[in-house]
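Examining the three-dimensional arrangement
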Amino acid sequence: MKTRNLIMAACAVSALAASCEKTGGGNDTGTTSGEKPKILATIDMSPKASNGYLVPVYDLTSDGASMDEAYEVKTSNYVITYNDWAFIVEGTSGGNIRKFNINNDGTLSEAGQLTVDGAGYGAAHILVISETKAYASAMMANKIVIFNPSDMTKTGEIDLMKDGSTEFVATDKGAKTPNPLGMFLRDGKVYVGLGQFIQMPTTVQGAYMLIIDEKTDTPEKMISDDRLTSATAIGEGGMFIDENNDLYIPCWGSYGFDPAHHSGLLRIKSGEDVFDKDYCFDMSEMTFDGVEGGKFQYVLTYHYAGDGEIYFFGYCPAFASQSANTFYEDHTNYAMKGDLYGRTAEALPLPRTNAISCAINHIGDEVLFGLTTESNGVGIFSYDRRTGECSGAPIVNMQGTMLKMQVL
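Quick summary incoming for the structure in this document. Treat the numbers as computed from the prediction; the structure is a model and nothing was measured.

Notes on empty space enclosed by the protein
In this model, the largest cavity occupies a volume close to 40 Å³. In this structure, the largest cavity is lined by 12 residues; those nearest its centre are Tyr 298, Leu 300, Phe 313, Asn 333 and Ser 357. For the lining of the largest cavity, the elements supplying multiple residues, two or more each, are strand E22 (298-306) and strand E23 (309-315). Broken down by element, the residue count for the lining of the largest cavity peaks at four residues, all from E22. Across the lining of the largest cavity, the residue classes break down as eight nonpolar, four polar and no charged.

Brief notes about the pairing of strand E30 (residues 401-407)
Here E30 lies mainly inside the structure; six of its seven residues are buried. By the bridge criterion, six bridges tie strand E1 (residues 39-44) to E30 in an arrangement that is antiparallel. Directly across from Leu 40, in E30, lies its bridge partner Gln 406.

Some details on the layout of surface pockets
The computed volume of the largest pocket comes to approximately 660 Å³. Phe 184, Glu 236, Met 239, Lys 404 and Gln 406 are the residues nearest the centre of the largest pocket, which is lined by 26 residues in total. Those elements giving two or more residues to the lining of the largest pocket turn out to be strand E4 (78-82), strand E8 (123-128), strand E12 (180-186), E22, strand E26 (360-363) and E30. In terms of residue class, the lining of the largest pocket is built from 16 nonpolar, eight polar and two charged.

Description of the sheet that holds strand E6 (residues 96-102)
Strands sit in the order E4-E5-E6-E7 across an open sheet of four strands; the sheet is antiparallel. Whereas interior strands pair on both sides, the edge strands pair on one side only; in this sheet they are E4 and strand E7 (108-115). Averaged over all pairs of adjacent strands, the angle between their axes in this sheet comes to 25°, without regard to strand direction. Sheet topology note: the strand E5 (residues 85-89)/E6 ladder contains five bridges and is antiparallel.

Re unusual backbone geometry
With an omega of 5°, the peptide bond running from Ser 46 to Pro 47 counts as cis. For Pro 47, the position within the fold is in the loop between E1 and strand E2 (52-57). The omega torsion of the bond from Met 200 to Pro 201 falls at 10°, within 30 degrees of zero and hence cis. Tracing the backbone through its elements, the reader meets Pro 201 in the loop between strand E14 (197-199) and strand E15 (202-203). Here Ser 76, not a glycine, exhibits a phi torsion of approximately 55°, which is positive. As for its position among the elements, Ser 76 is in the loop between strand E3 (71-73) and E4. Residue Asn 142 is not a glycine yet carries a positive backbone phi of 60°. Within the secondary structure, Asn 142 sits in the loop between strand E9 (134-138) and strand E10 (143-148). For Asn 142, a relative accessible area of 6% gives the class buried.

Definitions and cut-offs
- Residues numbered from 1 in each chain as written.
- Predicted model: local features only at pLDDT ≥ 70, side-chain atom pairs only at ≥ 80, totals over all residues.
- Heavy atoms only, no water.
- 1 Å grid on protein atoms, 1.4 Å probe; cavity = no way out; pocket = protein on both sides within 12 Å on 5 of 7 lines; lining within 4 Å.
- Points joined across faces, edges and corners; volume = space filled by probe spheres on them.
- Helix = DSSP H or I, 4+ residues; strand = E, 2+ residues; numbered from the N terminus.
- Nonpolar A, V, L, I, M, F, W, Y, C, P; charged D, E, K, R; others polar.
- Buried < 20%, exposed > 50% of the residue type's maximum accessible area, 1.4 Å probe, protein only.
- Pairing = 2+ DSSP bridges.
- Axes fitted to C-alpha atoms, helices over the stretch in contact; angles between N-to-C directions.

It is worth stressing that arrangement in space is one thing and function is another; only the former is reported here.
What follows is the structure, given as structure tokens:
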């Protein structure tokens with residue numbers, strides 16, 4: 001169980017297709033349309049291979065993903081994009097970030113690397129502010145590294161435990177370190193989720209956030225809320241704003257292993273720096289129609305598509321095997337559609353996927369899910385927001401498990 005959930009804490013990654021063996025890892029010429037890809041995705045090939053890939057997707061057709069143009073990366077990797085750059089965040093598979101240029105001819109070329117955590121574990125998330133400034137959270141080193149994304153050089157750091165300080169540690173609840181995770185920039189302030197791990201992936205009860213002034217790189221205050229637990233995700237961060245500039249914070253509730261730790265969404269309203277006491281979308285309290293047993297052990301990976309529509313994966317324990325080593329094969333996760341303001345949600349008629357699936361995005365009215373299914377194939381499935389129709393098979397064939405999709 002500990003092994004299972006340590007990997008799930010990174011949202012970390014089933015079936016291998018034969019074409020994987022032919023992948024050039026970015027070294028082959030391959031064949032592209034001569035245009036930039038529409039999507040960049042990271043996939044994890046575990047458990048049959050100890051690696052993953054950064055994969056360009058050129059169009060939403062069955063063969064729209066090019067493994068010939070893919071780059072081999074470690075497992076548990078997430079991709080963040082900024083302009084014509086893509087950054088690989090190693091999550092729990094390492095402490096580095098890798099930079100790639102997205103070229104006009106549709107290819108990718110590696111353009112640098114930066115070690116975030118010298119211990120080799122825990123480059124949790126990156127936030128690019130501009131062409132010359134970015135942050136990378138080192139969750140185990142308890143620091144936020146400041147770097148120049150143009151040349152991938154470190155320019156500073158914010159030490160959250162400088163000189164042994166526990167100012168940003170929930171010591172009253174048993175935490176010993178703050179463990180910075182996901183980050184989000186809003187109105188000149190950087191909001192940082194703090195893991196406050198007791199024994200990873202179990203956190204203390206409550207959601208903890210650090211607020212940093214971006215201009216001065218100065219931590220201003222720590223805020224908390226006990227209604228939900230474990231603020232922001234490893235690798236992808238997960239926070240988002242709506243049309244009102246309100247910030248929503250995903251909480252994964254220690255993956256549900258403590259019944260008192262609930263998952264869902266909290267909110268910090270525009271212009272405020274405290275949790276909104278009038279809003280809590282508690283997914284642990286809900287009973288969901290169309291879900292076996294009606295309950296989720298935890299909810300993770302939210303995507304906001306606008307107009308109050310959110311999409312997410314929910315982990316249903318009814319489909320979990322007793323074995324601790326089948327989280328790639330167990331199809332436990334439902335694809336869900338939710339109402340952010342009404343605080344309701346329903347299961348979409350899509351096949352279930354495994355526990356490490358984290359990739360959701362949208363292009364226009366088409367919501368895209370990365371699914372590794374039992375009998376319906378592996379790849380990108382779609383939901384049409386206008387018609388309510390879902391694809392019964394992948395519209396784009398992929399391999400392994402998709403951890404992240406970035407629409408370019």
